[in-house]
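Single-letter residue listing:
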There are 4 protein chains.
Amino acid sequence: MPFSYRRVIRFHETDAAGVVYFANLLTLCHEAYEASLAAAGIEVKGFFSGQGGMAVPIVHASADFLAPLHCGDVILVVLTPRQLGPHSFEVAYRVEAAASAPATGLLPSSEPERSLAVATTRHVCIGLENRRRQPLPSSLLDWLGALAVVEGGG
Amino acid sequence: MPFSYRRVIRFHETDAAGVVYFANLLTLCHEAYEASLAAAGIEVKGFFSGQGGMAVPIVHASADFLAPLHCGDVILVVLTPRQLGPHSFEVAYRVEAAASAPATGLLPSSEPERSLAVATTRHVCIGLENRRRQPLPSSLLDWLGALAVVEGGG
Amino acid sequence: MPFSYRRVIRFHETDAAGVVYFANLLTLCHEAYEASLAAAGIEVKGFFSGQGGMAVPIVHASADFLAPLHCGDVILVVLTPRQLGPHSFEVAYRVEAAASAPATGLLPSSEPERSLAVATTRHVCIGLENRRRQPLPSSLLDWLGALAVVEGGG
Amino acid sequence: MPFSYRRVIRFHETDAAGVVYFANLLTLCHEAYEASLAAAGIEVKGFFSGQGGMAVPIVHASADFLAPLHCGDVILVVLTPRQLGPHSFEVAYRVEAAASAPATGLLPSSEPERSLAVATTRHVCIGLENRRRQPLPSSLLDWLGALAVVEGGG
C-alpha cells in the first residue's frame, strides 16, 4: 500500500523560470520519505542524525520532470519503497496534482492521475565508524513491510 | 485574529549543527504568509509572479532565534499583519512548538506557548514598470482587514 | 575539453547528518552549468528566464553519491556536455576534491582524481508558448562545440 | 579592514518573481562570514559542527533589501564584525554590485558603491552541554581583531 504525502508548492521552491527548481523536486520526495518514516513510528530526528552509530545515506537518485510545478500548486507525492537486499532499499516516487485535496496518509485506492514527475532514491545502511554496510534495522524492515509493493499474485 | 500555520521541520532545513539553518526560519515564516494569502482567496501563483504589473517585495526582514529547531519538530507559525500606510504593511510571526498538533487555519484562542523564534517582514507595493510605490490592492486590504490586530478597546 | 568549476562547500548546503544534503549536489552541478554558459558568452539572466520565448528545461537528472562532502571542502565540478539531437543535450558532471585549488575555467589536463560524485542532466529546448520542442539556438551549439567530448580518434 | 567576498548569483537562488528570494540574501551574507573565518585560518567544518563542545549560533538577524538581484549578477559582500562583549559579536554586511570583478579577499580601499542590500547577524558563544554563554575562543578574538572596525581617531 503506497504512502501519500500532500504538499503545497511554496514560493522559495520556484526559480526565475517561474516553476519549481529541478533539484527541489527531489527535496519534495525526501519530505514524503520523512513523513512515511514518522508515520511508521520512527523518530526522524535521531534517524537522520546518526543515532546509534548508523546512517542510511542516499547513494543514487534520479528524476524525470514531466510537467512544470508552480507556486500554490497542491501536489501528492505517492511513495513506494522496495527492499533490494539485506543492507539496502529503493524508494519510488510519483508526483501528481492533488486538485481534490486528500490528506497526507495511506492512499486507499490508487486512482490513476497524471504524473507530474517521477523519481527514485537508493539507500544503503552503513555504520558511521567504518562506513561499511550493515543490515537494515528492524524499524526500517517494519516500514518496508508495511509499505512495500507485494509482488506477484496477491 | 491571527493566522496559524502548522509545519513539520524537514531534514533539508537543518544544517551540520543539527538544527534549522537560521535563514530557513524566515522561509518558514514566508510559507505561513503564503498560506494566509491563499486562505483569503488570493491566487498566489499570480500574486508572486507579478501578475497585473504589480509586486509586493519584502524591503526589510528581521528575526530573533530563541531556541533550536530540529528535524521532525512540529511547529506553529502564528502570523499577524498590520498595515503601515497606503502602500505598505508589516507581518509579525511567532514560531512555537505544536506538540498538541492543531491544524493550519485560524487560531481561535491565543494560548500562551513558549516562543521558539519571532520574526518580522515589511512589504511595499510597487509597479513593476517603474518600481514606484502604488496603493495596496483591495485583495490585500481584505486580507489585512480579516487578520490584522484590532488596536484599542475591542 | 571539459569545463571545471571550483567551489567551496557552504554551511547551508549541509544537513543534520553533517554532510551535503543529497539534492544540493545537483544544485552544485547546475552552478557549474551556469558558469560554463557564462564563460561561453551566454547572458544567463535572460537564458534562464525565458528570453526570446525559449526555455531549455531539465527533463531528467540522476546522481551517484560516492563520498560525503563537508562544510569547507573545496571541490571541482568537471562538466562535459554532449548533444543528443537537434533539440536536446546531456551534461555529465564529475565532482572531485580540489585540494590543490585550481581556479574556475577550462581544465588543461585531466589528472585522474578520486570522484566524490557523478551526475547527469538532460535538457530539451522548447518554445514557451506551446511547450513543443524546437532546435537548440546557435549560442548553445557554440557552447556544445567548445566543450563537447570529441568522439573517435583524437 | 573589512573582508570582501565575491559571488555570482545562481539560478537556484532566484524565485518566480525573477530575483533573489529574500531569505537567500542572508545565506549569501553567511557565506561571506564563512569565507572570512576560513581566511583567518579557522577550520570551518569543525567550527560549525560543534567541535570542542562549543557553538556560536546566530541569535538575531536583520536585512534591508534595497535593489533586486538577478541570476548572473556579480556581487561583493563586504563584511565588518564588531565585538559586543565577552560572549558575543555582531557582523555587518553590505552587498554591492561588483561589475569590475575584484577577487575574494581583503578590500584595500573602500570605494563607495551603491548598496544593493545591508544585513546584520548577532552571534553568541555557548557551550553545547548546557547552552549557557561562554567566552569567545581566541580564534574568534583574532578574527575580530584582524577585521573589526577601529573606532575613534584613525
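Just so it is clear, the model here is predicted, and its values are computed rather than measured.

Conventions we followed
The numbering scheme is per chain: residues are counted from 1 as the chain's sequence reads. The order in which chains are written sets their letters, starting at A; the order in which ligands are written sets their numbers, starting at 1. Thresholds applied to this predicted model are a pLDDT of at least 70 for local features of residues and 80 or more for the giving and counting of side-chain atom pairs; totals over whole chains, interfaces and linings are not thresholded and use all residues. Excluded from the side-chain calculation are hydrogens and water; included are all heavy atoms of the structure. Only DSSP runs of H or I covering at least 4 residues are called helices, and only runs of E covering at least 2 are called strands; the numbering of each starts at the N terminus. Residue exposure (1.4 Å probe, protein chains only): buried if accessible area is under 20% of the type maximum, exposed if over 50%, otherwise partly exposed. In this charge count, Lys and Arg are treated as positive and Asp and Glu as negative; neither His nor the chain ends contribute. Within this document, salt bridges are pairs made up of a side-chain nitrogen of Lys or Arg and a carboxyl oxygen of Asp or Glu, the two lying within 4 Å of each other. What makes two residues a contact is simply this: any of their non-hydrogen atoms within 4.5 Å. The term buried area denotes the loss of accessible surface (1.4 Å probe radius) that occurs when two parts are joined, taken as the sum for both partners. Any pair of N or O atoms that falls within 3.5 Å is considered a polar contact. Within protein, one atom must be able to donate a hydrogen and the other to accept it, and sequence-neighbouring residues count only if both atoms are side-chain atoms. Side-chain classes follow a simple rule in which Ala, Val, Leu, Ile, Met, Phe, Trp, Tyr, Cys and Pro form the nonpolar group, Asp, Glu, Lys and Arg form the charged group, and the remainder, Gly included, forms the polar group. Here the copies were fitted onto each other by least squares, based on C-alpha atoms from residues at pLDDT of at least 70 in both. Our working definition of a disulfide is a cysteine sulfur pair at a distance within 2.5 Å. The axes used here are C-alpha line fits, helices contributing only the stretch in contact, and every angle between their N-to-C directions lies in the interval 0 to 180 degrees. An angle counts as roughly parallel when it lies under 35 degrees, as roughly antiparallel when it exceeds 145, as roughly perpendicular when it falls between 65 and 115, and as oblique in every other case. Two strands pair if DSSP finds at least two bridges between them.

Caption draft 1: Looking closely at the side chain of Arg10 of chain D. You can see Arg10 of chain D is positioned in the loop between β1 (3-8) and α1 (22-39). Despite its burial, Arg10 of chain D pairs with no opposite charge; the closest candidate is Glu31 of chain C, at 4.1 Å N-O. Setting aside residues no more than four positions away along its own chain, Arg10 of chain D makes contact with Tyr5, Glu31, Glu34 and Ala35 of chain C together with Cys71 of chain D.

Caption draft 2: Spatial organisation of the interface of chain C and chain D. Contact with chain C, which involves 16 residues of that partner, is made by 16 residues of chain D. It is Arg10, Phe11 and Lys45 of chain C in chain C that bury the most area against chain D; as a group they hold 35% of the surface buried on that side. Across the chain C-chain D interface, the total number found is zero salt bridges. Taken together, the connections running from chain C to chain D amount to six residue pairs in polar contact (both at pLDDT 80 or more). Only α1 (22-39) and α2 (44-48) of chain C provide two or more residues apiece to the side of chain C that touches chain D. Sort the elements by how many residues they give to the side of chain C that touches chain D and α1 of chain C lands first, with five residues. Of the residues assigned to the side of chain C that touches chain D, the class counts are seven nonpolar, five polar and four charged.

Caption draft 3: Fine view of the relation of the copies chain C and chain A. For the pair chain C and chain A, the superposition axis carries a translation of 0.0 Å, the fit reaches an RMSD of 0.0 Å, and the rotation angle comes to 180 degrees. Taken together, the turn and the small shift mark the pair as related by a two-fold rotation axis. Within chain C, Ser62 of chain C has its C-alpha nearest the rotation axis, a separation of 2.0 Å. Residue by residue, 100% of the interface of chain C is reproduced at the interface of chain A, so both copies engage with the same surface.

Caption draft 4: Expanded view of the state of the cysteines. Enumeration over the complete set of coordinates arrives at zero disulfides over all chains. The cysteine Cys71 of chain A is free of any disulfide, with Cys29 of chain B supplying the nearest cysteine sulfur at 16 Å. For Cys71 of chain A, a relative accessible area of 5% corresponds to the buried category. Residue classification places Cys29 of chain B among the buried positions, given a relative accessible area of 0%.

Caption draft 5: Spatial organisation of the environment of Gly72 of chain C. Note on placement: Gly72 of chain C falls in the loop between β3 (58-65) and β4 (74-85). Since its relative accessible area comes to 26%, Gly72 of chain C is described here as partly exposed. Sequence-wise, Gly72 of chain C and Arg10 of chain C are 62 residues apart; in three dimensions their C-alpha atoms are separated by 6.2 Å. Those residues in contact with Gly72 of chain C that sit more than four places away from it in its chain are Val8 and Ile9 of chain C together with Val44 of chain D.

Caption draft 6: Representation of the packing of helix α1 (residues 22-39) of chain B against α1 of chain D in the model. Two elements in contact, α1 of chain B and α1 of chain D, have axes whose closest approach is 9 Å; the angle formed by their N-to-C orientations is 180 degrees. For the element pair α1 of chain B / α1 of chain D, the angle class is roughly antiparallel. Contact residues: α1 of chain B offers Phe22, Ala23, Leu26, Thr27 and His30 of chain B, while α1 of chain D offers Phe22, Ala23, Leu26, Thr27 and His30 of chain D. Per-class residue counts for the contact of α1 of chain B with α1 of chain D are six nonpolar, four polar and no charged.

Caption draft 7: Highlighting the pairing of strand β7 (residues 115-124) of chain A. Residue and element names in this part refer to chain A. Alignment of strand β3 (residues 58-65) against β7, held across seven bridges, turns out to be antiparallel. Across the sheet, Asp64 pairs through a bridge with Val118, a residue of β7. Sheet topology note: the strand β5 (residues 88-97)/β7 ladder contains nine bridges and is antiparallel. Bridge pairing links Val91 to Thr121 in β7.

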